[in-house]
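Reading the structure
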Amino acid sequence: MSDTVPQTLCHPDGRKSCGACCGLYNHVVHDEEATWARLLRRTRAFYQEASVGDEQSLTKFREKWEDGPEDKLLTGLRSCPFLGFVDFDPAEDETRQGRPKQVGCLVHPLQNDGVDGRDCGIYDRFICEDYLCAAHDVLRRAEIRLVLDAVDDSYLYGLAVTNPKFVRKLLELVADRTGALPGGTVLRRPEVIAAAGRCFELMRDWPYRAEDGIFGQVEVAGELDTARRKMPAELLGVEEAPEDVLLVCMGTQCDTVEELKEARQIVVEVVDRLADAAQ
Ligand code: SF4
Ligand code: SF4
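Given the structure is predicted, the values throughout are model-derived calculations rather than measurements. (Residues numbered from 1 in each chain as written. Chains lettered and ligands numbered in written order. Predicted model: local features only at pLDDT ≥ 70, side-chain atom pairs only at ≥ 80, totals over all residues. Heavy atoms only, no water.)

Describing the overall build of the protein
Convention followed: Each helix is a run of H or I in the DSSP string that is no shorter than four residues. Each strand is a run of E no shorter than two, and both are numbered from the N terminus. Throughout, a contact is declared for two residues whenever any of their heavy atoms are within 4.5 Å. For the accessible areas, the method is Shrake-Rupley and the probe is 1.4 Å, while residue cover comes only from the protein chains on display. Asp and Glu are treated as the negative residues and Lys and Arg as the positive ones, with His and the ends of the chain left uncounted. Note that the charge is assigned to NZ on lysines, CZ on arginines, CG on aspartates and CD on glutamates.
Helix and strand content of the protein: 12 helices and four strands. Reported as C-alpha extents along the three principal axes, the dimensions of the protein are approximately 60 × 40 × 35 Å. Across the protein, contacts joining residues at least 24 apart in sequence account for 67% of those joining residues at least 6 apart. Of the roughly 14,000 Å² of accessible surface on the protein, 49% is carried by carbon and sulfur atoms. Taken as two groups, the 34 positive and 51 negative side-chain charges of the protein have centres that lie 3 Å from each other.

Concerning a nonpolar patch on the surface
To keep it simple, the criterion reads: Put simply, a patch holds well-exposed residues, over 30% relative accessible area, that have no salt bridge, with like charges counted together within 9 Å and Val, Leu, Ile, Met, Phe, Trp or Tyr side chains within 5 Å. Salt bridge, as used here, is a side-chain nitrogen of Lys or Arg placed within 4 Å of a carboxyl oxygen of Asp or Glu. Any residue under 20% of the maximum accessible area for its type is buried, any over 50% is exposed, and the rest in between are partly exposed; the area is computed with a 1.4 Å probe on protein chains only.
On the surface, Leu77, Tyr123, Ile127, Tyr131 and Leu224 cluster together into a nonpolar patch covering about 460 Å² of accessible area. Tracing the sequence through the fold places Leu224 in the loop between strand E3 (218-220) and strand E4 (226-228). On the basis of relative accessible area, Leu224 is assigned to the exposed category, the value being 53%.

Some thoughts on the site of ligand 1
Filter applied, for reference: Residue proximity to a molecule or strand is established when one non-hydrogen atom of the residue lies within 4 Å of it. When residue character is reported, Ala, Val, Leu, Ile, Met, Phe, Trp, Tyr, Cys and Pro are called nonpolar, Asp, Glu, Lys and Arg charged, and the others, Gly included, polar.
In the vicinity of ligand 1, the contacting residues are Leu9, Cys10, Cys18, Ala20, Cys21, Leu132, Cys133, His136 and Thr162. Here the residues of the shell around ligand 1 sort into seven nonpolar, two polar and no charged.

Quick look at the packing of helix H1 (residues 32-49) against helix H2 (residues 55-65)
Heads up, the rule is: Geometry is summarised by axes, namely lines fitted to C-alpha atoms with helices restricted to the contacting stretch, and by angles between N-to-C directions that run from 0 to 180 degrees. Orientation categories follow fixed angle ranges, with anything under 35 degrees roughly parallel, anything over 145 roughly antiparallel, 65 to 115 roughly perpendicular, and all other angles oblique. Crossing handedness is defined as follows: a turn of the near helix away from the far one that is anticlockwise and smaller than a right angle gives a left-handed crossing, while the clockwise case is right-handed.
For the pair H1 and H2, interaxial distance at closest approach is 10 Å and the crossing angle is 150°. By the angle class used here, H1 and H2 are roughly antiparallel. Handedness of the crossing formed by H1 with H2: right-handed. Where H1 abuts H2, its residues Arg41, Arg42, Ala45, Phe46 and Glu49 lie against Ser57, Leu58, Phe61, Lys64 and Trp65. The residue makeup of the contact of H1 with H2, split by class, is five nonpolar, one polar and four charged.

Some details on the site of ligand 2
Residues in close proximity to ligand 2 include Cys22, Cys80, Phe82, Leu83, Cys105, Val107, Arg118, Ile122, Tyr123 and Cys128, which together make up its full environment. Its residues assigned to classes, the shell around ligand 2 shows nine nonpolar, no polar and one charged.

Remarks on the packing of helix H5 (residues 141-150) against helix H7 (residues 164-178)
Look at H5 against H7: their axes get within 11 Å of each other, and the N-to-C directions meet at 100°. If you check the angle between H5 and H7, you find them roughly perpendicular. Mapping the contact onto sequence places Glu143, Leu146 and Val147 in H5 and Val167, Arg168 and Leu171 in H7. Of the residues that constitute the contact of H5 with H7, the class distribution is four nonpolar, no polar and two charged.

Some remarks on the domain arrangement of the protein
Stated precisely, the cut-off is as follows: Note that the domain bounds reflect an automated or database-derived domain assignment. Summed over both partners, the accessible area (1.4 Å probe) lost when two parts come together is defined as the buried area. Here a polar contact is taken to be a pair of N or O atoms separated by no more than 3.5 Å, where protein atoms must pair a possible hydrogen donor with a possible acceptor and residues adjacent in sequence count only if both atoms sit in side chains.
Each assigned domain of the protein is listed here: domain 1 (20-130) and domain 2 (138-278). For domain 1 and domain 2, the distance between their C-alpha centroids amounts to 29 Å. Of the residues lining the interface, 16 residues belong to domain 1; the matching set on domain 2 comes to 17 residues. The contact between domain 1 and domain 2 buries some 1,300 Å² in all, and 67% of this surface belongs to carbon and sulfur atoms. Considering only the surface of domain 1 that becomes buried against domain 2, Tyr25, Glu32 and Leu74 emerge as the three largest contributors, covering 44% of it. Of the charged contacts in the structure, one is a salt bridge between Glu32 and Arg204, with a shortest N-O distance of 3.0 Å. Linking domain 1 to domain 2 there are seven residue pairs in polar contact (both at pLDDT 80 or more). Element by element, the count of residues in the side of domain 1 that touches domain 2 is highest for H1, at three residues. Looking at side-chain class alone, the side of domain 1 that touches domain 2 contains seven nonpolar, six polar and three charged residues.

Regarding the packing of aromatic side chains
Condition: Paired rings are identified among Phe, Tyr and Trp, the last through its six-membered ring, by centres lying within 6.5 Å, and are further divided according to the angle between planes into stacked (under 30 degrees), edge-to-face (over 60) and tilted (the rest).
For the structure shown, the criterion picks out 11 aromatic pairs. With a centroid separation of 5.7 Å and an interplanar angle of 75°, the aromatic rings of Tyr25 and Tyr155 are classed as edge-to-face. Here Tyr25 is found in the segment before H1, whereas its partner Tyr155 is found in helix H6 (residues 154-161), with 130 residues between them in sequence. Here Phe61 and Trp65 contribute two aromatic rings whose centre-to-centre distance is 5.9 Å and whose plane-to-plane angle is 25°, an arrangement assigned as stacked. In this pair, Phe61 and Trp65 are both assigned in helix H2, four residues apart and thus about one turn of the helix distant.

Here it is, written out as structure tokens:
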């Protein structure tokens, strides 16, 4: 098991990657199955319809495959049609066992023998190259390592690594139970990693998620506007619980106090198990 933390979080290892800032989750239908099916369709089409050395084919591909406002949650934010599966090999498509796993840029020069097609995407090569999301500044090394160890697939990884508040609050809730914030050594223990994995798993298909809850505490408030999601307890006029921060980080919407209690109970159980493992 590696002790190191990569400088950038986008492609941390050969098993998972993130495509959140290219628009992976910015779709009205963003569950895992639909997202993967969409990405696979587009990746196949890319190899059939476009070539990175042919600018005209890239422009045509973008016109055809870029999501329109009716498909997106944040309608004013572009979603790049060149986000696909970088471990997809068209020559092995028929014989491949299992589905591709690594999301990434199909027109990146590392993917295309140095030819760069990113100027035909939704930004340009400089923005694509330089952009690093807030997680790079906010997450501590031990927190990054925990996410890397506890999450092993791209769909969940992108949700977890771009949700630093969830990661931090999770460990603070553990500290409330054990009396100390778990340090790097504790967070490398297999039982702690497994228990943390169960906590992150909640994000994959959280049953209490609002329609735009895939963005966590960020609520869609217009074309490009966002607002901070209110605590479910505040909306229902009841007292807040410490675990409610995790609920809001998962984009929770509870219509009744009973629902809120059920949602809290699920969270409390996995946090308790993580705290037991971290003792
Ligand atoms: S959202 Fe962050 S981690 Fe994900 S691809 Fe973008 S910069 Fe990388
Ligand atoms: S061109 Fe830029 S925005 Fe589009 S997939 Fe590649 S890196 Fe992401």
